[in-house]
Amino acid sequence: MSQAERSRAEKSQAEKSQARRARPSDPQGSRHPLWTLGLLRSEITTLLRRHRTYALLAVLAAVPVLIGIAVRIETGGGGGGAEGGPDAGAGPAFLAQVTNNGYFLVFAALAATLPVFLPMAVGVVAGDAVAGEANSGTLRYLLVAPAGRTRLLLVKYASVLVFCLIATLVVAVSALAAGALLFPVGDVTTISGTRIGFGEGVVRAALTALVVAVSLTGFAAIGLFVSTLTGSGIGAMAATVGLLITVQILDSIPQLSGVHPYLFAHYWMSFADVLREPVYWNDLSRNVQLQGLYVAVFGSAAWARFTAKDITA
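Thresholds, definitions, all that
- Residues numbered from 1 in each chain as written.
- Predicted model: local features only at pLDDT ≥ 70, side-chain atom pairs only at ≥ 80, totals over all residues.
- Heavy atoms only, no water.
- Helix = DSSP H or I, 4+ residues; strand = E, 2+ residues; numbered from the N terminus.
- Contact = heavy atoms within 4.5 Å.
- Areas by Shrake-Rupley, 256 points an atom, 1.4 Å probe, with all protein chains shown as cover.
- Buried < 20%, exposed > 50% of the residue type's maximum accessible area, 1.4 Å probe, protein only.
- Patch = residues over 30% accessible without salt bridge, like charges linked within 9 Å, V, L, I, M, F, W, Y side chains within 5 Å.
- Salt bridge = Lys/Arg side-chain N within 4 Å of Asp/Glu carboxyl O.
- Phe/Tyr/Trp six-rings, centres within 6.5 Å; stacked < 30°, edge-to-face > 60°.

A.B. asks: Describe the overall build of the protein chain, and please don't skip the residues or the numbers.
C.D. replies: A tally of regular secondary structure across the protein chain gives 12 helices and 2 strands. For the protein chain, the N- to C-terminal ordering of α and β elements is α-α-α-α-α-α-α-α-β-β-α-α-α-α. The long-range fraction of contacts in the protein chain, counting pairs at least 24 apart against all pairs at least 6 apart in sequence, stands at 75%. Of the accessible surface of the protein chain, which amounts to about 15,200 Å², a share of 64% is contributed by carbon and sulfur atoms.

Structure, rendered in structure tokens:
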């Protein structure tokens, strides 16, 4: 063997050794729970640093403010709604309560954003989770690291769930602040007609935001599954939002009432039951069970697709 051939062989062996050190497979390294938490923290940090995320959150924060200003201008700041009653707080009727108590702007804003704005924002983030990485050419480099496809997919989904919670809290906090600035606040009259203190009302509002975030978990799993089917981030986002619109249309057709309970968006508005005294849990539990079913089915489909997918970008 010549000197040049020996030099090339030694160089090749050194590169292989370096590659093995760069891709550890021992459980104390790549499989350590703290390593996974670090990957999740990195993913969430990257998500929250994107200008697109800021734009989505800014739009969501602006919706409650615009609703509050519109109601203020329309009513001149005077109390115009009924103070309570069994039907006073259901759905759009929350708007009738805002002038009497700015606290109800939280529920009115969630009722206004949940059908379209919130799930569209989640659809954008979920649809771009995997397809966006493939489109930008960074997915292969993520898999070169000792992450593993299953772990990477779980981290991606966890980051989408964090966004669901953050987006919902942004709407709730913005609505509570705008309601307190534009209207009087005080004791809260529940849908059942009883009165609770403002502090307990704030706790109910936080619970409502959590319920809304949980309501979006099934749709987030669908978006993640769609994201594994294509290498185009824009295509995945468009398909996810298109599916949302289709389901919303189907849920509004009375002739299809037989399939309504199986649509992921059917129980979304059940969050209003948190404002009953006592809390009415039937539809809330159905909503959680339905979302869990969608997470299990489409999460499994996303895993099956992603782990068998040929990553070329």
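A.B. asks: Got a sec to walk through the environment of Gly68? Specific residues and values, please.
C.D. replies: The topology assignment puts Gly68 in helix α3 (residues 51-75). Owing to a relative accessible area of 0%, Gly68 belongs among the buried residues under this scheme. Not counting chain neighbours up to four residues away, the residues in contact with Gly68 comprise Leu105, Leu182 and Phe183.

A.B. asks: Summarise a nonpolar patch on the surface; cite the residues concerned and give the values.
C.D. replies: Together, Val59, Val116, Phe117 and Met120 line one region of the surface with nonpolar side chains, adding up to about 320 Å² of accessible area. Secondary-structure assignment places Met120 in helix α6 (residues 117-136).

A.B. asks: Now, about the packing of aromatic side chains: what can you tell me, with residues and values included?
C.D. replies: Centre-to-centre distance and the angle between the planes together describe a pair of aromatic rings. Here the structure, examined in full by the defined rule, presents 8 aromatic pairs. Judged by centre distance (6.2 Å) and plane angle (70°), the rings of Tyr103 and Phe198 are edge-to-face. Here Phe198 lies in helix α9 (residues 198-215) and Tyr103 lies in the loop between α4 (95-98) and α5 (105-113), a separation of 95 residues in the sequence. Residue Tyr103 is classed as buried on the basis of its relative accessible area of 0%. Using a relative accessible area of 28% as the deciding quantity, one classes Phe198 as partly exposed.

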